[in-house]
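Single-letter residue listing:
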Amino acid sequence: ENKPILLDFTGWACVNCRKMEENVWSESDIYPILKEEYVLISLYVDDRKELPKEQQFDFQYASGRVKTIETIGQKWGTFQTLNFNAASQPYYVLLSPDLEVLNSAIQYTDRDSYKVWLNSGLENYKITSER
């Protein structure tokens, strides 16, 4: 869609994730930004649905420890930890369509800070897309 991406690391049982959705995302000046300016991708790190057998795998950390990835949640949780060095939710990352990070990640926050963060990501996206 040639829009920046909002990666939303969330969980079905994440109380603060629901608070963000209900009290920040639903605001009349934030919802249109999310809906019209970004591609929202929500990754549920606690999803217990089993991955198809062909998508299951063993992941080996640099330490040598091996983790078997069998569920959707394990896949996205490991992805978050490896790529963003974080394991808490909600956790939001802004990316260009080319997967360039557009801004520092943000977690549970107030509406004004979130709006500033979203708009800053849009400005950074405009700058990177002009290159």
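K.L.:
Could you clarify how one ought to interpret the environment of glutamine 107 in this entry?
P.N.:
The topology assignment puts glutamine 107 in the loop between β5 (91-95) and α4 (111-129). Residue classification places glutamine 107 among the partly exposed residues on the basis of a relative accessible area of 37%. For the pair glutamine 107 and serine 88, spaced 19 residues apart in sequence, the C-alpha separation works out to 8.2 Å. Here serine 88 takes part through its side chain, which lies 2.3 Å from a polar atom of the side chain of glutamine 107.

K.L.:
Would you mind showing me how to read the sheet that holds strand β2 (residues 39-44) here?
P.N.:
Through backbone hydrogen bonds, the strands of a sheet pair up, either in parallel or in antiparallel fashion. Within the open sheet, the three strands sit side by side as β2-β1-β5. Their pairing is mixed. The strands lining the two open edges of the sheet, one partner per strand, are β2 and β5. Recorded for the sheet is a direction-independent mean angle of 20° between the axes of neighbouring strands. Pairing geometry for strand β1 (residues 5-10) and β2, over six bridges, is parallel. Bridge assignment links aspartate 8 to a residue of β2, and that residue is serine 42.

K.L.:
Is there a simple way to think about the pairing of β5 in this case?
P.N.:
When a strand is regular, its side chains alternate between the sheet's two faces. Counting buried positions along β5 gives five out of five residues, so the element sits mostly inside the fold. Side chains Tyr91, Val93 and Leu95 project from β5 onto one buried face, and the interleaved Tyr92 and Leu94 project onto a second face that is buried too. Note that β1 and β5 share five bridges and pair antiparallel. Residue pairing for β5: leucine 7 is matched across the bridge by valine 93.

K.L.:
In this structure, what is going on with the nonpolar core? I would like to understand it.
P.N.:
One broad trend across soluble globular proteins is that nonpolar side chains are buried collectively. Judged by nonpolar contacts, the single largest core of 17 residues is most densely connected at Leu6, Tyr92, Tyr114, Trp117 and Leu118. Residue assignment for this core shows that the elements contributing at least two residues are α1 (15-25), α2 (31-37), β5 and α4. Counting residues per element, this core draws most heavily on α4, which supplies five residues. Look past the residues within four positions of tyrosine 114 in its chain and what remains in contact with it is Leu6, Met20, Val24, Trp25, Ile30, Leu34, Tyr92, Ile106 and Thr109.

K.L.:
What should I look at first to understand unusual backbone geometry in this one?
P.N.:
Glycine aside, residues mostly have negative phi, and peptide bonds are mostly found in the trans state. Each neighbour pair has its own omega, and for glutamine 89 with proline 90 the value is 0°, a cis peptide bond. Following the sequence through the fold, proline 90 ends up in the loop between α3 (72-84) and β5. In the Ramachandran plot, asparagine 2 falls in the positive-phi region, its phi being about 55° despite a non-glycine side chain. Examined against the element boundaries, asparagine 2 turns out to sit in the segment before β1. Note on asparagine 2: relative accessible area 64%, which makes it exposed. Here the phi dihedral of leucine 99 falls at roughly 70°; this positive angle occurs in a residue that is not glycine.

Rules used throughout
- Residues numbered from 1 in each chain as written.
- Predicted model: local features only at pLDDT ≥ 70, side-chain atom pairs only at ≥ 80, totals over all residues.
- Heavy atoms only, no water.
- Helix = DSSP H or I, 4+ residues; strand = E, 2+ residues; numbered from the N terminus.
- Buried < 20%, exposed > 50% of the residue type's maximum accessible area, 1.4 Å probe, protein only.
- Polar contact = N/O pair within 3.5 Å; in protein donor to acceptor, adjacent residues only side chain to side chain.
- Pairing = 2+ DSSP bridges.
- Axes fitted to C-alpha atoms, helices over the stretch in contact; angles between N-to-C directions.
- Core = buried A, V, L, I, M, F, W, Y, C linked by side-chain atoms within 4.5 Å.
- Contact = heavy atoms within 4.5 Å.

Honestly, that's just the spatial picture; any functional story needs more than this.
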